[in-house]
Every structure is written in structure tokens, then in C-alpha cells.
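Coordinate analysis (summary)
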Amino acid sequence: MDNSLVLIVEDEPAIAQILEAYLTRDGFRTVRAGDGETALQHHALLKPDIVLLDVRLPKLDGFGVLGRLRQVGSTPIIMVTAVADDIDRLSGLRLGADDYVVKPFNPQEVVARVRAVLRRTQGDRAETVRRFGALEVDFGSYTAFINNDGRRVPLPLTLSEFRILAYMIRHPTQAFARSDILDACLPESDALVRTVDTHISNLRRKLEDMGQDGFFPAVRSIGYRFSDPR
């Protein structure tokens, strides 16, 4: 864990410098980005081990960055915010973040959170394939299969459908709000929240066509889950 690279995404230089100083003192390497677009560039080029991501950023806000990063991988992400509305959204961690901290914070606590998240996620980051019954999802190749009598039959999905499947299968019995699915899986889209219903319906139909029933049940007043508890 020592020498892990932390991407600090913060547009307030004084806060970024404090975080950098404490993390460096504790044995971490750091790189800084002052806006969302630069954060995505650094992430693609440097492959950090964890991201400290402020919500309120220029060019692309933290929720937009989170959604884009979740499309391409599972780098641990700790969100940082001081806004009550953001805290309400993050409190359930349904958007794909691993943890969050609230300003003003104790820098030593942030370092402790970074270590805790890295310990918790080190095993998960190696995961490239998730299986659920006969369904197999390969995160690396953006493909899904149904295992049927020893054969792996490809599931014909659009990119948006795959993103939703990959997002929800990681937490199969968790209830996801439509807005959270939209933020995490279609952040670059101008689609309305109800567009999620169409994608879910298509996913359900395609699975049923392959003999896989019972997926993506609706959760009253919330949205959907991948599968009901068994």
C-alpha cells in the first residue's frame, strides 16, 4: 500500500497542498488535477491507485468524473464535498463511490480513509469477470455471456445496456434509483431519467430470450435492483 499513487482532484490549491503534504508524509505518491477534464487525462495516463475527488469542480464536476471513471474501471474513489445536497446523494454511496468525506475535514482522517479504502478494495480491483448463475459479465472486454450446456452464448447488448448490467451486477440485491443509474452509466447523455426504464426493459427482454428470467425487478418508489434476494 505504501508508495500507492493518489490522484487529488481539487480546484482549491490550498486544500490540495494540505492533502498532498499529509499523504506524502505518510508514504503515498501524489498527483494533482484542478478540474474534471484534467483529472480524466491524469487517470488515463497515470493509472492512480485511488482518487480523492472533489464534487464541485470546473469544466466537469465530480459526479461527471465519477461516472466516466466507472465506465472504464473500478479505481477506488473517495468523494469530497461541503454541500448538503451532495452529502444526501453520497450518503448511500449508490453512485459508485467507495467513500466520502465532508469539508472541513481533518487531513489525518482523510489519510486514514485512503488507507482503509485501499485495504478494502485491493481484492476487488483484480476482478475482471463476475458470474451470477448462468450469466457471466466480462468487465475488461465489455461482453456478457450466458453459459448454456457448456457453451458460452454472447448476450447482444448495446454499450449503454452493458454499462447498466456491469454497474448493477456488482451489488446484485441493492436497490438503485433511476437517477443514480443514469448518473453512473450514462453521464454524458442528455437523456431523461425515464430512459433508464427503456434500457432496463431491453435488458430484461434479452435475458428472458436466453431463458434467464427474474432479473431487474422494479423496486417500488425507488427504481430497480439486479436480482431479488434469494
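From a predicted model like this one, the values you see are computed outputs, not experimental measurements.

Things to note about the overall build of the protein chain
When its secondary structure is counted, the protein chain shows 8 helices and 12 strands. Taking all 230 residues of the protein chain together, the buried fraction comes to 47%. Taking the contacts inside the protein chain whose residues are at least 6 apart along the sequence as the reference set, 58% of them involve residues at least 24 apart. Just so you have it, the protein chain exposes about 11300 Å², and 49% of that area is on carbon and sulfur atoms.

Remarks on the sheet that holds strand β12 (residues 223-224)
Hydrogen bonds between backbone groups are what pair the strands of a sheet, and the pairing can be parallel or antiparallel. A sheet is described by the order of its strands in space; here 3 strands give the open sequence β10-β12-β11, paired in antiparallel fashion. What marks the edges here is a single partner per strand, and that holds for β10 (176-177) and β11 (218-219). Where β10 lies against β12, 2 bridges are found, and the strand directions are antiparallel. Paired with Phe176 across the two strands is Tyr224, which belongs to β12.

With respect to the pairing of strand β2 (residues 29-33)
Strand direction decides the pairing type here: strand β1 (residues 5-9) and β2, joined by 5 bridges, are parallel. Bridge assignment links Ile8 to a residue of β2, and that residue is Arg32. Handedness of the crossover is the feature at issue here: the chain leaves β1, passes through helix α1 (residues 13-25), returns alongside β2, and the resulting connection is right-handed.

Digging into the packing of aromatic side chains
Counted by the stated rule, this structure contains 6 aromatic pairs. Relative to Phe162, the ring of Tyr142 lies with its centre 5.2 Å away and its plane at 35°, an arrangement referred to as tilted. Of this pair, Tyr142 sits in the loop between β7 (135-138) and β8 (143-148) while Phe162 is found in helix α6 (residues 159-169), placing the two residues 20 residues apart along the sequence. Taken together, the ring pairs connect Phe132, Phe215, Phe216 and Phe226 into an aromatic cluster. Seen from the ring of Phe145, Arg152 lies directly overhead, with NZ or CZ sitting 3.9 Å from the centre.

Concerning the pairing of β1
With 5 of 5 residues buried, β1 is to be regarded as a mostly interior element. The alternating pattern of β1 places Leu5, Leu7 and Val9 on one face and Val6 and Ile8 on the opposite face, and all of these are buried. In the sheet, β1 pairs with strand β3 (residues 50-54) via 4 bridges, with the strands oriented parallel. Within the sheet, the bridge partner assigned to Val9 lies in β3 and is Leu53.

Comments concerning empty space enclosed by the protein
Enumeration according to the criterion identifies 1 cavity of 30 Å³ or more in this entry. The volume enclosed by the largest cavity comes to roughly 30 Å³. As for the largest cavity, its lining consists of Ile8, Val9, Glu10, Leu19, Leu52, Asp54 and Val80. Breaking the lining of the largest cavity down by element, the ones donating at least two residues are β1 and β3. Broken down by class, the residue content of the lining of the largest cavity amounts to 5 nonpolar, no polar and 2 charged.

Points about the pattern of salt bridges
By the definition in use, this model includes 16 salt bridges. Among the salt bridges present, the one from Arg70 reaches Asp98, with a minimum N-O distance of 3.1 Å. Placement of the pair is Arg70 in helix α3 (residues 62-72) and Asp98 in the loop between α4 (84-90) and β5 (99-102), with a sequence separation of 28 residues. Asp98 shares its class with Arg70; the two are buried. Between Arg205 and Asp209 there is a salt bridge, and its shortest N-O distance comes to 3.9 Å. Highlighted residues: Arg205 and Asp209, both in helix α8 (residues 195-209), separated by 4 residues, approximately one helical turn. By relative accessible area, which is 40% here, Arg205 ends up partly exposed. Each member of the salt-bridge network shares a partner with another, and the members are Glu10, Glu12, Asp54 and Lys103.

Analysis parameters
Residues numbered from 1 in each chain as written. Predicted model: local features only at pLDDT ≥ 70, side-chain atom pairs only at ≥ 80, totals over all residues. Heavy atoms only, no water. Helix = DSSP H or I, 4+ residues; strand = E, 2+ residues; numbered from the N terminus. Buried < 20%, exposed > 50% of the residue type's maximum accessible area, 1.4 Å probe, protein only. Contact = heavy atoms within 4.5 Å. Areas by Shrake-Rupley, 256 points an atom, 1.4 Å probe, with all protein chains shown as cover. Pairing = 2+ DSSP bridges. Right-handed = clockwise from strand over helix to strand, strands pointing away. Phe/Tyr/Trp six-rings, centres within 6.5 Å; stacked < 30°, edge-to-face > 60°. Lys NZ or Arg CZ within 6 Å of the ring centre and 35° of its normal. 1 Å grid on protein atoms, 1.4 Å probe; cavity = no way out; pocket = protein on both sides within 12 Å on 5 of 7 lines; lining within 4 Å. Points joined across faces, edges and corners; volume = space filled by probe spheres on them. Nonpolar A, V, L, I, M, F, W, Y, C, P; charged D, E, K, R; others polar. Salt bridge = Lys/Arg side-chain N within 4 Å of Asp/Glu carboxyl O.

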